[in-house]
Number of protein chains: 2
Amino acid sequence: MKIAFTTALTQEGFRRLKGKVEEANRNEAEVLVSTFDYRVTRQMIESMPRLRLIANFGAGYNNIDLDACRERGIRVTNTPQPVIEPTAELSFALMITIARRVAEFDRNIRGYGLPVTGEGIQFGVMRNLSHSLYGKTLGILGMGRIGQALARRAKASGMTILYHNRHELTNERMNELRSEGVNAQYVDFQTLLQDSDFLSLNLPYTPDVHHIIGKPELGMMKRSAYLINTARGAHVDEQALVEALKSGIIAGAALDVYEHEPQISQELLALPNVVLSPHTGTGTWEGRIAMCENVTDNILAFMENDYNKMNIVL
Amino acid sequence: MKIAFTTALTQEGFRRLKGKVEEANRNEAEVLVSTFDYRVTRQMIESMPRLRLIANFGAGYNNIDLDACRERGIRVTNTPQPVIEPTAELSFALMITIARRVAEFDRNIRGYGLPVTGEGIQFGVMRNLSHSLYGKTLGILGMGRIGQALARRAKASGMTILYHNRHELTNERMNELRSEGVNAQYVDFQTLLQDSDFLSLNLPYTPDVHHIIGKPELGMMKRSAYLINTARGAHVDEQALVEALKSGIIAGAALDVYEHEPQISQELLALPNVVLSPHTGTGTWEGRIAMCENVTDNILAFMENDYNKMNIVL
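Residues numbered from 1 in each chain as written. Chains lettered and ligands numbered in written order. Predicted model: local features only at pLDDT ≥ 70, side-chain atom pairs only at ≥ 80, totals over all residues.

**Some thoughts on the overall build of chain A**
Link 1 in the chain: In terms of helices and strands, chain A carries 11 helices and 12 strands.
Link 2 in the chain: For a compact globule of 314 residues, the expected C-alpha radius of gyration is about 20 Å, and chain A comes in at 21 Å, within 12% of that figure.
Link 3 in the chain: For chain A, buried positions account for 50% of its 314 residues.
Link 4 in the chain: For chain A, restricting intrachain contacts to residue pairs at least 6 apart in sequence, the fraction spanning at least 24 positions comes to 64%. (Helix = DSSP H or I, 4+ residues; strand = E, 2+ residues; numbered from the N terminus. Rg over C-alpha atoms; globule rule 2.2 N^0.38 Å. Buried ≥ 20, exposed ≤ 12 C-beta atoms within 10 Å, placed from the backbone. Contact = placed C-beta atoms within 7 Å.)

**With respect to the relation of the copies chain A and chain B**
Link 1 in the chain: Note on the identical chains: chain A maps onto chain B by a rotation of 180 degrees and an axial translation of 0.0 Å, with an RMSD of 0.0 Å. The relationship between the two copies is best expressed as a two-fold rotation axis. Measuring from the rotation axis to each C-alpha of chain A, the shortest distance belongs to Ala103(A), at 2.2 Å.
Link 2 in the chain: Most of the interface of chain A is mirrored in chain B, where 100% of its interface residues again form contacts. (Least-squares fit on C-alpha atoms with pLDDT ≥ 70 in both.)

**Quick look at the interface of chain A and chain B**
Link 1 in the chain: Facing the 60 residues of chain A at the interface are 60 residues of chain B.
Link 2 in the chain: Among the elements of the structure, α3 (84-100), α4 (102-109), α5 (145-156), β12 (274-276) and α11 (285-303) of chain A are those that each provide at least two residues to the side of chain A that touches chain B.
Link 3 in the chain: Top contributing element to the side of chain A that touches chain B by residue count: α3(A), with 10 residues.
Link 4 in the chain: Looking at side-chain class alone, the side of chain A that touches chain B contains 29 nonpolar, 18 polar and 13 charged residues. (Nonpolar A, V, L, I, M, F, W, Y, C, P; charged D, E, K, R; others polar.)

**Side note on the packing of helix α3 (residues 84-100) of chain B against helix α5 (residues 145-156) of chain B**
All names here are of chain B.
Link 1 in the chain: Packing of α3 against α5 leaves a shortest axis separation of 8 Å and a crossing angle of 50 degrees. One way to sum up the angle between α3 and α5 is to call them oblique. The element α3 and its partner α5 pack so that their crossing is right-handed. Contacts from Ile84, Glu85, Thr87, Ala88, Ser91 and Phe92 of α3 reach α5 at Arg145, Ile146, Ala149, Leu150, Arg153 and Ala154.
Link 2 in the chain: Of the residues contributing to the contact of α3 with α5, the split by class is seven nonpolar, two polar and three charged. (Axes fitted to C-alpha atoms, helices over the stretch in contact; angles between N-to-C directions. Parallel < 35°, antiparallel > 145°, perpendicular 65-115°, else oblique. Left-handed = near helix turned anticlockwise from the far one by under 90°.)

**Let's talk about the domain arrangement of chain A**
All names here are of chain A.
Link 1 in the chain: Once the domains are mapped, chain A shows domain 1 (2-82 + 284-309) and domain 2 (84-276).
Link 2 in the chain: If you average the C-alpha positions of domain 1 and of domain 2, the two centres end up 32 Å apart.
Link 3 in the chain: Facing five residues of domain 1, the contacting portion of domain 2 comprises five residues.
Link 4 in the chain: Classifying every residue of the side of domain 1 that touches domain 2 by side-chain character gives no nonpolar, five polar and no charged. (Domains from an automatic or database assignment.)

**Concerning the environment of Gln239(B)**
Residue and element names in this part refer to chain B.
Link 1 in the chain: Within the secondary structure, Gln239 is located in helix α9 (residues 238-246).
Link 2 in the chain: Residue class for Gln239 comes out partly exposed when judged on the 13 C-beta atoms lying within 10 Å of it.
Link 3 in the chain: Remark: the alpha-carbon pair of Gln239 and Ser265, spanning 26 residues in sequence, is separated by 7.9 Å.

**Regarding the sheet that holds strand β12 (residues 274-276) of chain B**
Within a sheet, each strand pairs with its neighbour through backbone hydrogen bonds, oriented either parallel or antiparallel.
All names here are of chain B.
Link 1 in the chain: An order of β8-β7-β6-β9-β10-β11-β12 is seen for the seven strands of this open sheet, with the pairing classed as parallel. At either margin of the open sheet sits one strand with a lone partner, and together these are β8 (184-186) and β12. Taken over all neighbouring pairs, the strand axes of this sheet differ in orientation by 20 degrees on average, direction set aside.
Link 2 in the chain: Pairing of strand β6 (residues 137-141) with strand β7 (residues 160-164), which is carried by five bridges, proceeds in the parallel orientation. The residue bridging Ile140 from the neighbouring strand is Tyr163, located in β7. (Pairing = 2+ DSSP bridges.)

**A word on the sheet that holds strand β3 (residues 31-35) of chain A**
Residue and element names in this part refer to chain A.
Link 1 in the chain: With parallel pairing, the five strands of this open sheet are ordered in space as β2-β1-β3-β4-β5. Edge positions in the sheet fall to β2 (22-23) and β5 (75-77), since each has one partner strand and no second.
Link 2 in the chain: Relative to β2, strand β1 (residues 2-5) runs parallel, the two being bridged by two bridges. In the strand pairing of β2, Lys2 is matched with Glu22.
Link 3 in the chain: Relative to strand β4 (residues 53-57), α11 is tilted by about 165 degrees, and along the sheet it contacts β3, β4 and β5.

**Describing the pairing of strand β6 (residues 137-141) of chain A**
Residues and elements named next belong to chain A.
Link 1 in the chain: In terms of burial, β6 is largely enclosed, as four of its five residues are buried.
Link 2 in the chain: In this region the chain leaves β6, passes through α5 and returns to the parallel neighbour strand β7 (residues 160-164); the handedness of that crossover is right-handed.
Link 3 in the chain: Here four bridges tie β6 to strand β9 (residues 198-201), and the two strands are oriented parallel to one another. The residue bridging Ile140 from the neighbouring strand is Ser200, located in β9. (Right-handed = clockwise from strand over helix to strand, strands pointing away.)

**Notes on unusual backbone geometry**
Link 1 in the chain: Look at the link from Glu261(A) to Pro262(A): it is a cis peptide, with omega at 0 degrees.
Link 2 in the chain: Relative to the elements of secondary structure, Pro262(A) occurs in the loop between β11 (252-255) and α10 (266-270).
Link 3 in the chain: Its identity is not glycine, yet Arg101(B) carries a phi of approximately 60 degrees, on the positive side.
Link 4 in the chain: Mapped onto the elements of the fold, Arg101(B) is located in the loop between α3 and α4 (102-109).
Link 5 in the chain: The class of Arg101(B) is buried, set by 25 C-beta atoms lying within 10 Å.
Link 6 in the chain: The phi angle at Asn305(B) is positive, at roughly 55 degrees, despite the residue not being glycine.
Link 7 in the chain: Structurally, Asn305(B) is set in the segment after α11 (285-303).

**Section: the pairing of β4(A)**
All names here are of chain A.
Link 1 in the chain: Burial runs high along β4: five of the five residues are buried.
Link 2 in the chain: Burial along β4 is two-sided: the residues Leu53, Ala55 and Phe57 and Ile54 and Asn56 are all buried.
Link 3 in the chain: One ladder, built from five bridges, connects β3 with β4; its direction is parallel. Counterpart to Val33 in the pairing with β4 is Ala55.
Link 4 in the chain: Bridge analysis of β4 against β5 gives three bridges, and the strand direction is parallel. From the neighbouring strand, Leu53 faces β5, where its bridge partner is Arg75.
Link 5 in the chain: The handedness of the β4 to β5 crossover, carried by helix α2 (residues 66-72), is right-handed.

**Thoughts on the environment of Ala154(B)**
All names here are of chain B.
Link 1 in the chain: Of note, Ala154 is situated in helix α5.
Link 2 in the chain: The exposure class of Ala154 is buried, given the 28 C-beta atoms found within 10 Å.
Link 3 in the chain: Those residues in contact with Ala154 that sit more than four places away from it in its chain are Phe92, Leu138, Met159 and Ile161.

Structure follows, in structure tokens:
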């Protein structure tokens, strides 16, 4: 079977394809391995006459024109499982970094950043104070597997967990979570905004949740609250967020994704009360290899017509 | 009762002392509130003829000349409980920040740091890769209450926990930990060094553990391992650590404390594979207030001769 890649990936996760597939030009390829950051447009799909499968590297697949795939009967798969723990881990990392000011301190100690006194950082028991996660309330918007894996970490850190989701979790799933030590309370969206000390976005992007966090929603949050986004940049009205951060509507934000990626608002770069990472929620070596293995699984199952073993999106 | 402070602290935790104590000069004070970063020397103690209690703000009390106190029958108290969660939280924050490169990314996105290409940070699925905590082994040196609170967080993050301690934990305490979801295995010191992907120091400082991590110990660690220190700087031979970081003997370090605090080795400030914070393990607003309340408890109990309610060190 002939295969094309949109992006160079680590070879380590593709060893099982050796001897079974052959790398080819796009106009010959039956399988396209795409990555979540690469737009697979209608035009591109139309230029691939033999295409039968798009095996996307990533859980989100809003990079792919699904209508164009549907019309041609092209299958689309994703890699939902291996992204769960790395992304929940980065959500937690960003939350604890903004709360405990770790990135800011590290910058200032090295002499970078925004020295107020011109003296650099000074040690002292009443200096460099931050905020504990312990005892605080985490609100999770989007309580899928990533949100739940974040809840597990937050609970062990002494946090109270609220969540909002299209559907409340089933009793069965709630019992499974309780067996992992996690208690999470379902609340409506407004309550989530009003009661959270930390608000983490962990929902997939679809056009109906575009700018789900905009000026009105930021205005409902606590002035002491922090926003965490490792989902998709377009969930947040970035200009409204910048205004909220500058005027003290909320206390801070920690972002892995941006509305106009890879562009980041210049104003964000200058703010001390934000932590910024370069869309690397799933970006660990361990995670990358596991995602490649998952792409391999999907391609092998497709070749064997074993649809039960595939992560089918379409 | 007359009281003196070595350091200006938040007033919020001292309200219950109002009307009961009176701030005074050192030569009149019966109670001295000292902070963990302030050396209470023999000379200072000898200059306070009426001194009966040193109520230290902090769990560690290696800042106080205990021999001089003992000779005079001066009581010393500390604040062991409120430091547990904030310090375990910072240990975890430093570990996840070095693993997921959060501080480094934040610096580089802002244009600070050590650009290799001169182009600043670039987005991309095979760029900016880091390491997961999930599936890794955390070794905890010093399995007191802080180490145990760190273990709880690490377990929920999918880590395996090893520990070394003067004494193995009792079966009773191990059962309590298991009820919180924590499994931790006791190993000897050498095994801890050899088997840990992350090694966290959470032991108190005493002269017999001076430089417990030096060149030979660093040499026994994995080349892929990270060292985390939120305990005391003198646990680590800082020059040996710098050499190990520069020559790839270990992969990185995240430090809240330094051997010659507040001086930090200039070489550390230039290394990309370290995260540095300014001795702020207990330094949250919530933690500071709780520590002041604990100092207040100790002073009130001392005034009532209720030694059972005091955190007595001496």
